[in-house]
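# Commentary on secondary and tertiary structure
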Amino acid sequence: MTTMPTTDPDTVSPDALHTPVLGWFDQHARDLPWRRPEAGAWGVMVSEFMLQQTPVSRVLPVYEQWLARWPRPADLAADAPGEAVRAWGRLGYPRRALRLHGAAVAITERHGGDVPRDHGQLLSLPGIGEYTAAAVASFAYGQRHAVLDTNVRRVFARAVTGVQYPPTATTAAERRLARALLPDDEARAARWAAASMELGALVCTARNEDCGRCPIAARCAWHLAGKPAHDGPPRRGQTYAGTDRQVRGKLLAVLREAVDPVPQAALDAVWHEPVQRARALDGLVADGLVEPLAGGVYRLPLT
């Protein structure tokens, strides 16, 4: 097994990548609601929470409904966290809904209801990590930050490092490379962050990459090397059927549809295997997604 080779950022010619990628983005960027000026920083933040491990097509309808109901952080903060879980629907990974609610509460209490501009203040909000703080600062406020999601990491791995896939977890070398590739101009850097992400989402995809449409194919180290196959740890696709995640989703679906607290018998009916069902329910309670009440009934959390 070989490891991902290191790249000296000083040998990279950033502008040779910036100009063609930004030109491509000008022509091919999708018209997404969180990219429009009226979305504001809150719209950008909501989209970033929803888009984690979830495709755009599934996010769009939920995003529109969410912003119509809670157009500002204070609107969401004033509602029960269980309502955020209910509105999250079937986007998956529902703890993101609780984290977004927690961030809305903190924004309301600490920042007067406005999503902060400062990267450090963004990073201090509950549920916001390195990527989300950089993405909001860049996409909402036009700041100069390295925004490293899976799509960007794949573009950089191929175009600069010459390998098919980036490492499983983001490395210090990737962060150094991303910083080295940032344009000096703040507005151009923010545009580059969005453009490199879009390139990975639409052209330089994980499978069936379309090098014929890629604006930097002639400069791509992986393409020029003959597109060598991945030579690292096996890349395993995520399974869902039969997992605790599926059981959790079925349990939450019952609670989302219910107006009143749900009895244990109604939850027992959604999955045949009692041990796995109990484990999934215990996990939902431990994660704060479900609240048990006296008498063996359950509801989405109110506090």
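Residues numbered from 1 in each chain as written. Predicted model: local features only at pLDDT ≥ 70, side-chain atom pairs only at ≥ 80, totals over all residues. Heavy atoms only, no water.

### A short note on the overall build of the protein
Each helix and strand in the protein was counted, giving 15 helices and 3 strands. Residues counted as buried form 45% of the 303 residues belonging to the protein. Looking at the protein alone, contacts between residues at least 24 apart form 65% of all its contacts between residues at least 6 apart. As presented, the protein carries roughly 14,900 Å² of accessible surface, and 52% of it is formed by carbon and sulfur atoms. Between the averaged position of the 35 positive side-chain charges in the protein and that of its 32 negative side-chain charges there is a distance of 5 Å. (Helix = DSSP H or I, 4+ residues; strand = E, 2+ residues; numbered from the N terminus. Buried < 20%, exposed > 50% of the residue type's maximum accessible area, 1.4 Å probe, protein only. Contact = heavy atoms within 4.5 Å. Areas by Shrake-Rupley, 256 points an atom, 1.4 Å probe, with all protein chains shown as cover. Lys, Arg positive; Asp, Glu negative; His and termini not counted. Charge placed at Lys NZ, Arg CZ, Asp CG, Glu CD.)

### Some details on a positive patch on the surface
Taken together, the side chains of Arg 58, Arg 90, Arg 245 and Lys 250 define a basic patch exposed on the protein surface. Mapped onto the secondary structure, Arg 245 falls in helix H13 (residues 244–257). (Patch = residues over 30% accessible without salt bridge, like charges linked within 9 Å, V, L, I, M, F, W, Y side chains within 5 Å. Salt bridge = Lys/Arg side-chain N within 4 Å of Asp/Glu carboxyl O.)

### Let's talk about empty space enclosed by the protein
Scanning all chains against the criterion turns up 3 cavities of 30 Å³ or more. The space that makes up the largest cavity amounts to roughly 120 Å³. Together, 15 residues line the largest cavity, and Arg 158, Cys 204, Cys 211, Cys 214 and Cys 220 are the ones closest to its centre. Per-class residue counts for the lining of the largest cavity are 11 nonpolar, 1 polar and 3 charged. Within this model, the second largest cavity holds a volume of roughly 50 Å³. Surrounding the second largest cavity, His 145, Ala 146, Val 147, Leu 148, Val 152, Phe 156, Ala 178, Leu 182, Trp 192, Ala 193 and Ser 196 form its lining. Element by element, the count of residues in the lining of the second largest cavity is highest for helix H11 (residues 186–202), at 3 residues. Across the lining of the second largest cavity, the residue classes break down as 9 nonpolar, 2 polar and no charged. (1 Å grid on protein atoms, 1.4 Å probe; cavity = no way out; pocket = protein on both sides within 12 Å on 5 of 7 lines; lining within 4 Å. Points joined across faces, edges and corners; volume = space filled by probe spheres on them. Nonpolar A, V, L, I, M, F, W, Y, C, P; charged D, E, K, R; others polar.)

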